[in-house]
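# What the coordinates show
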Amino acid sequence: MSVGRLYGVGLGPGDPELLTVKAVRVIESAPVIAFFAKAGRRGNARAIADRWIPASAQEMPLLYPVTTEIPVSDPAYNEALRNFYEEATESLAAELAAGRDVAILSEGDPLFYGSFMHLYIRLKDRFPVTIIPGVPGMAGCWAAAGEAMTWGDDVMTILPGTLPQQALTESLRRTDAAVIMKVGKNFAKIRQALRDSGHYERAIYVERGAMAGEKIMKLSDKPDDSAPYFAIVLVSGQGRRP
């Protein structure tokens, strides 16, 4: 019996209409649909793909043991996630070994800050894999904001807000345009790094871009330092134009 194929399916930034034709085709035909979620919740990826998942599909929720309860710097965080990914890998391997294709739903693009990657590196040498790219979340955010990000020879840098403040500041000083992800609890640090690097007045805050509850404003107009998981900061370049 032949083994199943693993699909990493990019879902785009949140709007179900931003899935690719290929992503929809795979979701509609895969016998097993896997998706990440916090324990006790349905999960954002599952909600995005809802209209495309047939009633006949076997659903496999992959429930994180931790999300924000433990700091990422705590060794217990990595240990808990390592065990989770190992267990999820073997559950998926059992389905694939039995000849069933498995589609793992991935918000944004599967190979860009995605949980799919941790399963992919564990399974890619054991089973055939097809990766279906998705519209990255940041593209959905700058489209929603109507923000032209790079001009001419502008260099754009993508930064995780989890970096130390000095590292953020130095990286921002060296770039023309920037996308800052993983905002959440790092908001105050990001705000200060933008001030120190001289980018503060150009920064745009986008919350839940291309999703329900979308909010877009100049960062300087945001009155507090709180931000949800789905938040991003954009700094557009000012480069060469005809």
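Quick look at the structure, then. (Residues numbered from 1 in each chain as written. Predicted model: local features only at pLDDT ≥ 70, side-chain atom pairs only at ≥ 80, totals over all residues. Heavy atoms only, no water.)

On the secondary structure map, serine 236 appears in the segment after β10 (231-235). Serine 236 gets classed as buried once you look at its relative accessible area, which sits at 6%. A polar side-chain atom of serine 236 sits 3.1 Å from a polar atom in the side chain of glutamate 147. A distance of 3.5 Å separates the side chain of serine 236 from the side chain of glutamine 238, its partner in a polar contact. In this structure serine 236 touches Glu147, Ala148, Met149, Asp176, Ala177 and Arg202, once residues within four positions along its chain are discounted. (Helix = DSSP H or I, 4+ residues; strand = E, 2+ residues; numbered from the N terminus. Buried < 20%, exposed > 50% of the residue type's maximum accessible area, 1.4 Å probe, protein only. Polar contact = N/O pair within 3.5 Å; in protein donor to acceptor, adjacent residues only side chain to side chain. Contact = heavy atoms within 4.5 Å.)

Once that is clear, we can look at the nonpolar core. Counting residues in hydrophobic clusters, the biggest one holds 22 residues, and the most contacted among them are Phe36, Leu62, Leu92, Val102, Ile104 and Leu119. Counting residues per element, the ones that place at least two in this core are β2 (32-38), β3 (58-64), α3 (75-97), β4 (102-106) and α4 (116-123). Examining the composition of this core, we find that 8 residues originate from one element, α3, more than from any other. Excluding anything up to four places from it in sequence, leucine 119 contacts Phe36, Leu62, Tyr85, Ala88, Thr89, Leu92 and Ile104. (Core = buried A, V, L, I, M, F, W, Y, C linked by side-chain atoms within 4.5 Å.)

For α4, the full list of buried residues reads Phe116, Leu119 and Leu123. Looking straight down α4, one finds that the buried residues subtend no more than 70° of arc, so they occupy a single side. (Arc of directions from axis to C-beta.)

Take the pattern of salt bridges next. Within the structure shown, the criterion is met by 13 salt bridges. Where aspartate 224 meets lysine 222, a salt bridge forms, and the shortest distance between an N and an O atom there is 2.4 Å. For aspartate 224, a relative accessible area of 35% puts it in the partly exposed group. The class for lysine 222 is buried, based on a relative accessible area of 8%. Residues joined in a network through salt bridges with shared partners are Arg42, Arg46, Asp50 and Glu59. (Salt bridge = Lys/Arg side-chain N within 4 Å of Asp/Glu carboxyl O.)

What follows is about the side chain of serine 197. Tracing the chain through its elements places serine 197 in helix α7 (residues 187-197). You can call serine 197 buried: its relative accessible area is 13%. Here the side chain of serine 197 touches leucine 194 through a polar contact of 3.2 Å, landing on its backbone oxygen. Setting aside residues no more than four positions away along its own chain, serine 197 makes contact with Thr169, Leu172 and Arg173.

Note that all results are geometric; they support no functional claim without further evidence.
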